[in-house]
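Below are the chains, spelled out letter by letter.
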Amino acid sequence: MKNIVILTGAGISAESGLKTFRAEDGLWENHPVEQVATPEGFARDPDLVQRFYDERRANVMGAQPNAAHKALGRLESEWDGELLLVTQNIDDLHERGGAQNTLHMHGEVLSAWCRACDTRHRWDGTLCDGPACPSCGAAAMRPDIVWFGEMPYQMDRIFDAVARADLFVSIGTSGAVYPAAGFVQEASRAGARTLELNLEGSAGSHFFDKTRLGPASELVPRWVDEVLSARG
């Protein structure tokens with residue numbers, strides 16, 4: 001086994017105190033997702049959306065990486081093959097857990113995107129007051145988040161890595177949000193082994209070769225120990 005692709009979802013950050021994206025009632029932090037996670041919602045009420053992501057930004061900055069994030073950081077640093085960590089999460093807990101090669105397919109809450117000059121900037125303050133873009137000076141900054149109806153980032157790179165993977169691992173995902181939910185089937189068709197680590201069975205559990213259930217902070221460090229021990 002040489003190439004590993006790991007997909008993470010909200011479940012891996014839940015133990016750090018960050019709520020999963022969409023609750024069973026269809027709300028995200030007490031807001032309908034259509035209100036705060038669509039281009040149409042932003043066009044209707046940009047102040048509401050900016051305030052919403054200001055709060056998410058503050059929550060992320062107050063959270064700490066847990067044992068699962070740290071274990072994946074360790075795996076990346078010690079693995080001698082190719083490893084791509086793809087996350088659907090908008091927090092930076094993977095990076096703070098030690099991962100250096102994380103692809104945020106749904107964007108990052110600690111990033112702001114200027115719609116005027118198409119430049120992205122690291123951002124840890126508010127966007128509510130319409131700050132000027134550091135690159136062009138326009139007041140056209142929005143959260144650098146992929147909303148419903150927008151194309152996730154770097155899909156070509158992800159599909160290329162999945163096609164070459166020997167092992168595909170999904171951690172803390174619902175298995176219900178596409179295109180990420182389809183990665184396991186792509187990996188299987190390419191001949192990769194597939195493993196799901198999740199708190200409970202997901203909508204896509206039946207696509208995986210194996211599923212292990214339990215908290216990410218317990219399952220992921222144990223699995224990383226197994227992978228690194230098996231090298232010898």
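Nothing here was measured: the structure is a model prediction, and the numbers come from that model.

A. Region of the structure containing the packing of aromatic side chains. For the structure shown, the criterion picks out five aromatic pairs. On the numbers, 5.4 Å between centres and 45° between planes, the contact of Phe42 with Trp147 is tilted. Of the two residues, Phe42 sits in helix 3 (residues 39-44) while Trp147 sits in the loop between strand 8 (141-145) and helix 7 (155-164), which places them 105 residues apart along the sequence. Like Phe42, the residue Trp147 is buried in the burial classification.

B. Inspection of helix 7 at higher detail. When helix 7 is considered as a whole, its buried residues turn out to be Met155, Ile158, Ala161 and Val162. Buried residues of helix 7, seen end-on, are gathered within an arc of 130° and therefore sit on one face of the element. Looking at the buried positions of helix 7, the neighbouring elements they touch are strand 1 (3-8), strand 4 (82-87), strand 5 (102-104) and helix 8 (183-189).

C. Region of the structure containing the side chain of Asp92. Here Asp92 lies in the loop between strand 4 and helix 6 (93-96). Look at Asp92 and you get buried, because its relative accessible area is 8%. Excluding residues within four positions of it along the chain, Asp92 makes contact with Val60, Leu110 and Arg122.

D. View of the environment of Pro131. Inspection of the secondary structure puts Pro131 in the loop between strand 7 (119-122) and strand 8. With a relative accessible area of 15%, Pro131 lands in the buried category. With 97 residues separating them along the chain, Pro131 and Leu228 place their C-alpha atoms 46 Å apart. The residues touching Pro131, leaving out its near neighbours within four places in the chain, are Trp123, Thr126, Ala138, Ala139 and Met141.

E. Geometry of the UniProt feature "binding site: substrate" (unreviewed entry) in the chain. As annotated by UniProt and renumbered to match this structure, "binding site: substrate" (unreviewed entry) occupies Tyr53 and Arg56. Within the secondary structure, Tyr53 sits in helix 4 (residues 46-62). Along the chain, Arg56 turns up in helix 4. Those residues within four positions of Arg56 in sequence are excluded, and the remaining contacts are Trp28, Glu29 and Val109. One polar contact links the side chain of Arg56 to the main-chain carbonyl oxygen of Phe52, over a distance of 3.0 Å.

F. Quick look at the environment of Thr194. Mapping Thr194 onto the fold places it in strand 10 (residues 193-198). Counting along the chain gives 25 residues from Thr194 to Val169, while the straight-line C-alpha distance between them is 5.8 Å. In this structure, Thr194 is in contact with Leu167, Phe168, Val184, Ala187, Ser188, Phe207, Phe208, Asp209 and Lys210, ignoring residues within four places of it in sequence. In terms of polar contacts, Thr194 uses its side chain to reach the backbone amide nitrogen of Asp209, at 2.8 Å.

G. Quick peek at the sheet that holds strand 6 (residues 107-114). The strand order 7-6-8 describes an open sheet built from three strands, whose pairing is antiparallel. The sheet terminates laterally at strand 7 and strand 8, the two strands that pair on one side only. When strand polarity is set aside, the average angle formed by the axes of neighbouring strands in this sheet is 40°. Alignment of strand 6 against strand 7, held across four bridges, turns out to be antiparallel. Bridged to Ala112 within strand 7 is His121. Contacting strand 6 and strand 8, helix 4 crosses the sheet at an angle of about 135° to strand 6.

H. Quick peek at unusual backbone geometry. The linkage connecting Tyr178 with the following residue, Pro179, adopts the cis geometry, with an omega of 15°. At Asp118, a residue that is not glycine, the phi angle is positive and equals roughly 60°. Within the fold, Asp118 resides in the loop between strand 6 and strand 7. Unlike most non-glycine residues, Gln154 shows phi in positive territory, near 55°. Within the secondary structure, Gln154 sits in the loop between strand 8 and helix 7. The class of Gln154 is partly exposed, set by a relative accessible area of 44%.

Reading guide: rules and limits
- Residues numbered from 1 in each chain as written.
- Predicted model: local features only at pLDDT ≥ 70, side-chain atom pairs only at ≥ 80, totals over all residues.
- Heavy atoms only, no water.
- Phe/Tyr/Trp six-rings, centres within 6.5 Å; stacked < 30°, edge-to-face > 60°.
- Helix = DSSP H or I, 4+ residues; strand = E, 2+ residues; numbered from the N terminus.
- Buried < 20%, exposed > 50% of the residue type's maximum accessible area, 1.4 Å probe, protein only.
- Arc of directions from axis to C-beta.
- Contact = heavy atoms within 4.5 Å.
- UniProt positions renumbered as here; feature names shortened; annotations may be inferred.
- Polar contact = N/O pair within 3.5 Å; in protein donor to acceptor, adjacent residues only side chain to side chain.
- Pairing = 2+ DSSP bridges.
- Axes fitted to C-alpha atoms, helices over the stretch in contact; angles between N-to-C directions.

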